[in-house]
Amino acid sequence: MFGRKIISLLIALFALAAIPATTVWGATPSSPGEILIQPLPGVPAIGMPGDVIEIHPAEGVTIQGLQIVSILHGPYDLKILGTENGVVKARIPEDAVPDDYFLVVKSNKGEVTIPNGVWVMKSAPTVLRIAHGSDLHVTSGSKMGFVCGDYFQKSIPEILKYCKHPYAMHSYTAQDSFMTYYAMVGSGENVVNLIISTGDDVDTSGDSQGYMMFDRGMTHATAAGVPVISVKGNHDDPPTYYSKYIGPRYFYEVIGNFLIIGLDSRGDEAHPTMEQLQWMEGVLKDHPGKTVIVLVHHPFWYSTQDGKWGGTIKGYTAFDDNDWKEMTKFVSWYWEGNKGQYDEIARTFLQMVEKYNIPLILAGHIHKDKPVLYIDKEGHEHWFYTLTTTGAPDKTSNPPSEADKKKGYTVPSWYGSQVIYVHEDGSVEFPLAGNVLHEGIDSLPVPQKFIVYRQVGTEGSAVKFVNELGKTVSGPFVLEIPAGAKVDPEHTNVTYKVLGEREIGGTDYLLLNVTVPTGVSQVTVVKGTDTQAPKVSVGYLMPSKPRAGRPFKVYITAGDNVGIRDVKVQIISDGKVVAEYPAFSMKPAEVSATYFTEIPGVNATSFTIKVIATDFYGNKGEAAYTVGGATKTSSPSESTTQKSGGSTCGPAALVGLALVPLLLRRRK
């Protein structure tokens, strides 16, 4: 019994250590959804100074006070006007400066601070300029792919065929880069005024840490002034954590003369229920004359008159029986069913698209670009734009790998996003992509070619930018920092200006205006000059005893007080470096993490693996591991040198701890 208690205590301590040190809401509730149903981080309240907004408290919650605050503005107290049918009415102060605010909620269940809680607009927009991302698949695990310019591959050996210095794209890195970029250009160049995610925000619906990571990445955009709206995907189903961290299953938002409706196409069902569509029609009837945009994860169309990749469908109407029967060959099984069993749902939806002249329906799910322009018999244009994944690596490589080709996947993909303008008159344009009605990739190379690696340590924060867009990128940039840290100009090679700093919800935020040059650059924000080298050790090899000429993986544990910029692995044989490979973090947002690389093979039975970790100040930590003999290399005191057969750490320790409760249950 005593042994079990010790094991349980160790597991609990390990779990606590794995929780990120920074959060964006109060400590009393474990999630924003315990206090509010709406607004939440993915569905803000929206209005102008003086407007009345609605606050939907969770069951049993009594709202006692509301406040909005941003890095530069506020705090402002919202006047509570009363409660109607359980909904709290509150007024935005007349003197509130337009911004995207954190919402601080005081209630009988505790205090919570919600990023992207209230978007205060200066005026109603005449054009909704959308940055569209989808299928971000953020995970607290190690989901990643590898990029280099236009190239994308799912494995290190494959990407090394195209370049020597590829970059890892963890799903969190992809989400953070996507949202950071559009917040910068949105506020700086007025390219976008809204970011939209069309589902699969996380990779696993039960990954609460993944949702917290998603909220953190989203905060980097919203705290810089550009709001985010997200809709649920099948990987967010069941919405146990989604409704606690992101937003309700389905909803609507009024933005001046625009109406955004978010639908829940659920999990394996892959389409909304008829009850949802009836709710949607009620919303449309209550908001006549609005320009409507619908968000739904599963795409409506499977093919068009031009082919399976997308194109145009025209000359039909869903109100004519013969036309509808002809159109069903284009409708996806997600909506129609493989035997037409959901025919009524699919037809009702398209009838509403026509009846209310909905100009834009955004979707994702298929991890491919598939733009469809549906022109009904009246000549009205309805864009169904389905976007490739912005964050998941399990898609067709660019160029397609041999494994992809064997599966029949020949159309390449990458990490993409799209900018879409919707005008008040319902006209839709793609200002940065031009004509999107073509086969292949039409999404924009963000985050494929604009990558942000952030780390927050005990002594400072550091950011590595990779900009391969061929132009500088300027705009507001938000960092979480340790209290008292300042920008170090000697170890920052981007142009920057400090705009403001504020502690919100227990986290210190720094707002900069930066100009990121092409190539690789960095920002360091520290308490003092960093002279501490990273600590690094070789965890284990897989397989543990590599055979000559056969591939194997190297797992490394590395940590730093500010952040690690790069890790590389050298193969040393007969005293010479015969090969060098990059290593990549499996948890890129953390300063202490497991790194890994894959060695295609070493034509020797005895060789040394040398790992070199470099921080943002150029301090280096080294470790060595010898295969087939004793270690002879030395390393600095800050580092760890291991002999073959040394201790196992990193992922192996995680697996071991995870197995303990299973073994105990089996024994019981």
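Residues numbered from 1 in each chain as written. Predicted model: local features only at pLDDT ≥ 70, side-chain atom pairs only at ≥ 80, totals over all residues. Heavy atoms only, no water.

Within an unreviewed UniProt entry, the label attached to the protein reads Phosphoesterase, and the organism entered is Thermococcus celer Vu 13 = JCM 8558.

Notes on the overall build of the protein
Scanning the protein from terminus to terminus reveals eleven helices and 38 strands. Scored against the burial criterion, the 668 residues of the protein give a buried share of 58%. Taking all contacts inside the protein whose residues are at least 6 apart in sequence as the whole, residues at least 24 apart take part in 71%. As presented, the protein carries roughly 26,700 Å² of accessible surface, and 50% of it is formed by carbon and sulfur atoms. (Helix = DSSP H or I, 4+ residues; strand = E, 2+ residues; numbered from the N terminus. Buried < 20%, exposed > 50% of the residue type's maximum accessible area, 1.4 Å probe, protein only. Contact = heavy atoms within 4.5 Å. Areas by Shrake-Rupley, 256 points an atom, 1.4 Å probe, with all protein chains shown as cover.)

Quick word on the sheet that holds strand β2 (residues 45–47)
Two modes of strand pairing occur in sheets, parallel and antiparallel, and in both the strands are linked by backbone hydrogen bonds. Spatial strand order, β2-β9-β8-β4-β5: five strands in an open sheet with mixed pairing. The sheet terminates laterally at β2 and β5 (76–77), the two strands that pair on one side only. Where β2 and strand β9 (residues 110–120) come together, three bridges link them in parallel fashion. If you follow Ile46 over to β9, its bridge partner there is Trp119. Across the sheet, helix α4 (residues 208–222) touches β8 (99–107) and β9, and the angle it forms with β9 is around 45°. (Pairing = 2+ DSSP bridges. Axes fitted to C-alpha atoms, helices over the stretch in contact; angles between N-to-C directions.)

Here's the deal with the pattern of salt bridges
Counting across every chain of the model gives 21 salt bridges. Taking the shortest distance from any N to any O, the salt bridge between Lys143 and Asp394 comes out at 3.4 Å. Highlighted residues: Lys143 in the loop between β10 (127–133) and β11 (144–148) and Asp394 in the loop between β22 (381–386) and α10 (402–406), separated in sequence by 251 residues. Note on Asp394: relative accessible area 43%, which makes it partly exposed. With a closest N to O distance of 2.7 Å, Asp150 and Lys449 form a salt bridge. Residue Asp150 is found in the loop between β11 and β12 (151–153), and its partner Lys449 is found in the loop between β24 (428–429) and β25 (450–456); the two are separated by 299 residues along the sequence. Among the residues examined, Asp150 registers a relative accessible area of 40% and is labelled partly exposed. Looking at Lys449, the relative accessible area reads 17%, which means it is buried. (Salt bridge = Lys/Arg side-chain N within 4 Å of Asp/Glu carboxyl O.)

Some thoughts on the side chain of Thr180
Within the secondary structure, Thr180 is located in helix α3 (residues 171–188). Of the polar contacts made by the side chain of Thr180, one reaches the side chain of Arg454; its length is 3.0 Å. With residues up to four places along the chain from it excluded, the contact list for Thr180 reads His220, Val452, Arg454 and Phe477. (Polar contact = N/O pair within 3.5 Å; in protein donor to acceptor, adjacent residues only side chain to side chain.)

With respect to helix α9 (residues 343–355)
In a regular helix each residue adds 1.5 Å, so 13 residues correspond to 18 Å; α9 covers 18 Å between its end C-alpha atoms and thus fits that length. Two residues or fewer after α9 comes Asn357, characterised by a positive phi angle close to 50°. (Expected span 1.5 Å × (residues − 1).)

Regarding the pairing of strand β37 (residues 607–615)
The element β37 is extensively covered by neighbouring structure, given that eight of its nine residues are classed as buried. Where strand β34 (residues 564–573) lies against β37, eight bridges are found, and the strand directions are antiparallel. Within β37, the position partnered with Val567 by the bridge is Ala613. Counting the residues in the hairpin turn of β37 and strand β38 (residues 620–627) gives four residues, including Gly618, whose phi is positive at 85°.

Regarding the nonpolar core
Judged by nonpolar contacts, the single largest core of 59 residues is most densely connected at Met179, Tyr182, Ile195 and Phe465. A per-element tally of this core places α3 first, with eight residues. In contact with Ile195, other than residues within four places in its own chain, are Ala131, Phe178, Met179, Tyr182, Ala183, Ala221, Val226, Pro227, Val228 and Ile229. Ranked by size, the runner-up nonpolar core spans 32 residues in total, among them Leu277, Tyr316, Ala346 and Ile361. (Core = buried A, V, L, I, M, F, W, Y, C linked by side-chain atoms within 4.5 Å.)

Focus: the confidence of the model for the protein
When the pLDDT values of the protein are averaged, the result is 90; 89% of them are 70 or greater. Segment residues 631–668 is flagged for pLDDT under 50; beyond a separation of four residues in sequence, or across chains, it makes 64 contacts in the model. (pLDDT = per-residue confidence, 0-100.)

Some words on the sheet that holds β11
With respect to topology, three strands assemble into an open sheet ordered β12-β11-β13, the strand pairing being antiparallel. Each having just a single partner strand, β12 and β13 (167–170) make up the two edges of the open sheet. The sheet shows a mean angle of 30° between the axes of neighbouring strands, direction not considered. Strand direction decides the pairing type here: β11 and β13, joined by four bridges, are antiparallel. Considered in β13, the bridge of Val147 is made with Tyr167.

What about the packing of aromatic side chains?
One pair of aromatic rings is described through two measures. These are the centre distance and the angle between the planes. Across all of its chains, the model carries 28 aromatic pairs by this definition. Taking 6.3 Å as the distance between ring centres and 40° as the angle between the ring planes, the aromatic pair formed by Tyr241 and Tyr245 counts as tilted. Considering the side-chain rings of Trp383 and Phe430, the 5.0 Å spacing of their centres and the 70° angle between planes classify their relative orientation as edge-to-face. Note that Trp383 is positioned in strand β22 and Phe430 in the loop between β24 and β25, a separation of 47 residues in sequence. Each of the two residues, Trp383 as well as Phe430, counts as buried. Three or more aromatic residues link up through ring pairs in this structure, and these residues are Phe178, Tyr181, Tyr182, Phe450, Phe465 and Phe477. Between the NZ or CZ atom of Lys395 and the centre of the ring of Phe152, over which it lies, the distance is 4.3 Å. Just above the ring of Tyr415 sits the side chain of Lys395; from NZ or CZ to the centre is 3.5 Å. (Phe/Tyr/Trp six-rings, centres within 6.5 Å; stacked < 30°, edge-to-face > 60°. Lys NZ or Arg CZ within 6 Å of the ring centre and 35° of its normal.)

Considering the environment of Asp236
Inspection of the secondary structure puts Asp236 in the loop between β15 (228–230) and α5 (242–245). Sequence separation between Asp236 and Arg249 is 13 residues, and the spatial gap between their C-alpha atoms is 9.7 Å. Each residue touching Asp236, except ones within four places of it in the same chain, is listed here: Gly199, Asp200, Asp201, Val202, Ser205, Tyr211, Val231 and Tyr242. A polar side-chain atom of Asp236 sits 3.4 Å from the main-chain amide nitrogen of Val202. A distance of 2.9 Å separates a polar atom in the side chain of Asp236 from the backbone nitrogen of Gly233.

Notes on the state of the cysteines
Under the counting rule described, the total for this entry stands at one disulfide. In this model Cys148 forms its disulfide with Cys163; the gap between the sulfur atoms is 2.4 Å. You can see Cys148 sitting in strand β11 and its partner Cys163 sitting in the loop between α2 (156–159) and β13, a full 15 residues away along the chain. (Disulfide = S-S within 2.5 Å.)

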